[in-house]
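Letter by letter, the chains look like this.
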Protein chains: 2
Amino acid sequence: MPVVSGGQSKPPAIRRIASLAPLSDAEISMLARASAEWTHLTARREFVIEGDPVPQMQILLSGWVASVRQLADGRRQILGFLLPGDIIGLCPQPEPLALSTLTSLTDVSVCPAPRSAPHGSLARAYAMAKALDEAHHLAHICRVGRLNAQERLADLLLELHDRLELAGLTDGGSFELPLTQEILADALGLTQVHVNRTLQLMRRSGDLDWKERRVTLHDPSALAVKIGRDRVRVSALQSPAV
Amino acid sequence: MPVVSGGQSKPPAIRRIASLAPLSDAEISMLARASAEWTHLTARREFVIEGDPVPQMQILLSGWVASVRQLADGRRQILGFLLPGDIIGLCPQPEPLALSTLTSLTDVSVCPAPRSAPHGSLARAYAMAKALDEAHHLAHICRVGRLNAQERLADLLLELHDRLELAGLTDGGSFELPLTQEILADALGLTQVHVNRTLQLMRRSGDLDWKERRVTLHDPSALAVKIGRDRVRVSALQSPAV
DNA sequence: CGAGTACTTGACGGGCGTCAAATGATGTGG
DNA sequence: CCACATCATTTGACGCCCGTCAAGTACTCG
C-alpha cells in the first residue's frame, strides 16, 4: 500500500513525478498530503470506461493499470500501461471523454492529483507527463506496426524497465511484471501462444529470464542496442533517462 | 495556394480549426491575418527532424504531411498524417523535442499559429486539436495492432474522410488522396505489394474506387458499420462528427 | 524516346494464428 | 491437508495471411 515512509526516501509514485521537473518543497508536500488520501481498487476492475466523462485527475500510487480498447468481435488492444507515478485523467480540453477504458491489472491505489498553479513546477511536471504519454503511444505504434515478435517484446520490456527505474522499482535489469502472457499479447498485437514461444526463444538466447512475476533483463543496454532502441526524450531539459 | 477567398466561405484550414470551438470574430480574423503570412514547402522535404527542438507553432494551411519514424535498418513507420487545419509543434512542455520527423508528402503551405489568450476559445480549440491528435494515435495503435489488411485500409480511409470533411475537402464519400501505395503501406504496417492486393479486393467488392489520386468510398457509413468503426469523440461539447 | 516512378501480377516461403490438449500453478472449501 | 476447480503456461500440428522476390505494365517528364 502507499506508505509515506518514515524518514528515508520518497515513495515510488512521488519519486517518479519529481523526476519530471524540479519540484519545490511545498509542491512535494502537496503531493505527499494528497497521497495520504489514497483509495484502493482490486484487480480486474474497469474504473474508467471509454466514451464516458473523464473523472477527477488522479495519481496512480501503486499497482499496474492498462489502457484498453475492445473491438466489437472480442478482439482487444492494449494501448499502454500505467505505472506508479502516472497521471490519470490529464486532459486539457473541456468536458473530456475517456479515449480508452482503464482496467486495473493488479490491486491498485490512487489519490486525487493536486491542482497545479498556472506556472509552477508542478504544472511543468504534468506537461512533461502528458508529453511522455504521447511519446509512449508513438513508440507503441512503431512496435506494433514494424517490429517482429522478439523485437516487440524486448522493446516493450525495455520501456517498462526504464519507466519503473525512475520510480525506484527496478533492481538492476530486474523488475516485477504482474502481467499474464495473454495481456502482453493484447498489448503487442500478437497471440498468447506466440508470446509464449517468443519468450522461450529469448530465454534460450539468454536475453531475459522470467519466473514468479519477475523479469530479469540480463543486459538492458545491450538488448537496447541489439534491437535499435533509443531512450525516450521529450524535452531538452530532460536528462537522457526515461 | 492559401487564398483567403473574397467573400464566400472560410478556407479549409480555418474552417477546420473553427469547428473545434466556437471562435470569436476577433479570433477568426487573427487566424485569417496569420494565414496571410504563409510559407511554401515543396513535396518530400523533412522540415522537422525527430529529436530536434520543436520550431515555432504553425498551422498547416494546405497539403499533406506525414509524421514518420525511421528504424536503423531502413524500415519506416508513419505515425499519422497531418491535414489542412492541423497544428504543428503544439507541445505544452518546456523546450520540447520533436517526437517524430515531419515530411511533406505534397507541396505544402504553413503559417505561424497565433498565440492564444490563456482562457479564450482559441486556447480551447488548440486543446481540442491536441486531444484529437491523441485520439488518432490511439486509433492507429488499434488499427495496426489488431485489424487485418482490409480493415486497416478501410479504417484509415474513413478517418481521413471524416477529418477532411470538417475542412470541406470532401465531396460525398470522395476526396483527394495524394499518397502512394508505399506510403499507405508504411502507415498501415503492411508492404506495398499487399496494400495493392488489398485495394484490388476492396475495389472488386465495391467498397471503394481509387483513380487519379482521388478515392471514393461508395458508402462511408456502411463501410464504418462493416468494420465496426466509431467516430472519434474527445469532448462532450463536441458534435458527433470527427 | 529513354529513364524514372508508381502500379500490377505471379510464385513461393515464413511468421504468426488457430485449434487442441497436456502440464503446472494457485486458491478454496471440506 | 488434501480434493478439486480455475487459471496460466507450455507444446504440437497445421494452415493462412502477409512478406519477399521478381518481372512486367502503365504513366510522367525531360
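Not measured: the values here are computed from a predicted model.

**Here's the deal with the pattern of salt bridges**
Within this structure, the stated rule accounts for 34 salt bridges over all chains. Linking Asp162(A) and Arg229(A) is a salt bridge whose minimum nitrogen-to-oxygen distance equals 3.1 Å. Here the residue Asp162(A) occupies a position in helix α4 (residues 149–166), and Arg229(A) occupies one in the segment after α7 (220–227), the gap between them amounting to 67 residues. A salt bridge links Asp209(B) to Lys211(B); its shortest N-O distance comes to 4.0 Å. When its relative accessible area of 26% is taken as the criterion, Asp209(B) is described as partly exposed.

**Observations concerning α7(A)**
Residue and element names in this part refer to chain A. Taken together, the buried positions of α7 are Leu 223, Ala 224 and Ile 227. The buried residues of α7 occupy an angular sector of 105° when the element is viewed end-on, so they sit on one face. Seen from the buried face of α7, the exposed residues on the opposite side, beyond 90 degrees, are Ser 221, Val 225 and Lys 226. Its buried side turned inward, α7 meets α4 and β12 (214–217). Once α7 finishes, Gly 228 follows within two positions and takes phi at roughly 70°, a positive value.

**Regarding the interface of chain B and chain A**
Residue-level contacts link 41 residues of chain B with 41 residues of chain A. Surface buried jointly by chain B and chain A totals about 3,900 Å² across both partners, of which 66% is contributed by carbon and sulfur atoms. Among the residues chain B hides against chain A, the three largest losses belong to Leu99(B), Ile141(B) and Arg146(B). Together they make up 19% of the total. Between the two partners, chain B and chain A, sit six salt bridges. Between Lys130(A) and Glu134(B) there is a salt bridge whose closest N-O contact spans 3.0 Å. Where chain B packs against chain A, one counts 24 residue pairs in polar contact (both at pLDDT 80 or more).

**With respect to the protein's contact with DNA strand C**
Lining the immediate environment of DNA strand C, one finds 17 residues, of which Thr191(A), Arg44(B), Gln181(B), Gln192(B) and Asn196(B) sit closest. Sugar plus phosphate: this is where 68% of the atoms of DNA strand C within 4 Å of the protein reside. Contact distances for DNA strand C include 3.0 Å between a base oxygen and a side-chain N or O atom of Arg197(A). Between a phosphate oxygen of DNA strand C and a side-chain N or O atom of Arg44(B), the distance comes to 2.8 Å.

**Quick notes on the protein's contact with DNA strand D**
Near DNA strand D lie 17 residues; those nearest to it are Gln181(A), Gln192(A), Asn196(A), Thr191(B) and Arg197(B). For DNA strand D, the fraction of atoms within 4 Å of the protein that belong to sugar or phosphate moieties is 68%. At a separation of 2.8 Å, a phosphate oxygen of DNA strand D approaches a polar side-chain atom of Asn196(A). Breaking the surface near DNA strand D down by element, the ones donating at least two residues are α6 (192–204) of chain A together with α6 (192–204) of chain B. With six residues, the single largest contributor to the surface near DNA strand D is α6(A).

**Re the confidence of the model for chain A**
Looking at chain A as a whole, its pLDDT mean stands at 93, while 95% of the residues score no less than 70. The low-confidence segment residues 1–7 of chain A, where pLDDT is below 50, has eight contacts with residues more than four positions distant or belonging to other chains.

**Notes on the side chain of Ser235(B)**
Tracing the sequence through the fold places Ser235(B) in the segment after α7 (220–227). The exposure class of Ser235(B) is buried, given its relative accessible area of 0%. Polar contacts involving the side chain of Ser235(B) include one to the main-chain carbonyl oxygen of Pro94(A), which spans 2.8 Å. Among residues more than four places away in sequence, those in contact with Ser235(B) are Gln93(A), Pro94(A), Glu95(A), Pro96(A), Leu97(A) and Met128(B).

**Comments concerning the nonpolar core**
Ile59(A), Ile87(A), Val234(A), Ile59(B), Ile87(B) and Val234(B) are the most contacted members of the largest nonpolar core, which totals 60 residues. At the level of elements, α1 (12–18), α2 (25–36), β3 (58–62) and α3 (121–146) of chain A together with α1 (12–18), α2 (25–36), β3 (58–62) and α3 (121–146) of chain B are the ones that each hand at least two residues to this core.

**Digging into the layout of surface pockets**
For the largest pocket, the calculated volume is near 1,800 Å³. Lining the largest pocket we find 46 residues, and of these Pro92(A), Pro118(A), Pro92(B), Pro118(B) and Ala127(B) sit closest to its centre. At the level of secondary structure, the elements contributing two or more residues to the lining of the largest pocket comprise α3 of chain A together with α3 of chain B. Among the residues making up the lining of the largest pocket, the classes are represented as 29 nonpolar, 11 polar and six charged.

**Here's the deal with the sheet that holds strand β4 (residues 65–70) of chain A**
All names here are of chain A. The sheet built from four strands is open, its strands ordered β2-β7-β4-β5 with antiparallel pairing. Of all the strands in the sheet, just β2 (46–48) and β5 (76–82) have a single pairing partner and so form its edges. The sheet shows a mean angle of 35° between the axes of neighbouring strands, direction not considered.

**Side note on the packing of helix α4 (residues 149–166) of chain B against helix α5 (residues 181–188) of chain B**
Residue and element names in this part refer to chain B. Axis separation between α4 and α5 bottoms out at 11 Å; the angle between their running directions is 100°. By the angle between their axes, α4 is roughly perpendicular relative to α5. Counted together, Arg 152, Leu 153 and Leu 156 of α4 and Leu 184, Ala 187 and Leu 188 of α5 form the full contact between these two elements. In terms of residue class, the contact of α4 with α5 is built from five nonpolar, no polar and one charged.

Calculation rules
Residues numbered from 1 in each chain as written. Chains lettered and ligands numbered in written order. Predicted model: local features only at pLDDT ≥ 70, side-chain atom pairs only at ≥ 80, totals over all residues. Heavy atoms only, no water. Salt bridge = Lys/Arg side-chain N within 4 Å of Asp/Glu carboxyl O. Helix = DSSP H or I, 4+ residues; strand = E, 2+ residues; numbered from the N terminus. Buried < 20%, exposed > 50% of the residue type's maximum accessible area, 1.4 Å probe, protein only. Arc of directions from axis to C-beta. Contact = heavy atoms within 4.5 Å. Buried area = accessible area lost by both parts, 1.4 Å probe. Polar contact = N/O pair within 3.5 Å; in protein donor to acceptor, adjacent residues only side chain to side chain. Near = heavy atom within 4 Å. pLDDT = per-residue confidence, 0-100. Core = buried A, V, L, I, M, F, W, Y, C linked by side-chain atoms within 4.5 Å. 1 Å grid on protein atoms, 1.4 Å probe; cavity = no way out; pocket = protein on both sides within 12 Å on 5 of 7 lines; lining within 4 Å. Points joined across faces, edges and corners; volume = space filled by probe spheres on them. Nonpolar A, V, L, I, M, F, W, Y, C, P; charged D, E, K, R; others polar. Pairing = 2+ DSSP bridges. Axes fitted to C-alpha atoms, helices over the stretch in contact; angles between N-to-C directions. Parallel < 35°, antiparallel > 145°, perpendicular 65-115°, else oblique.

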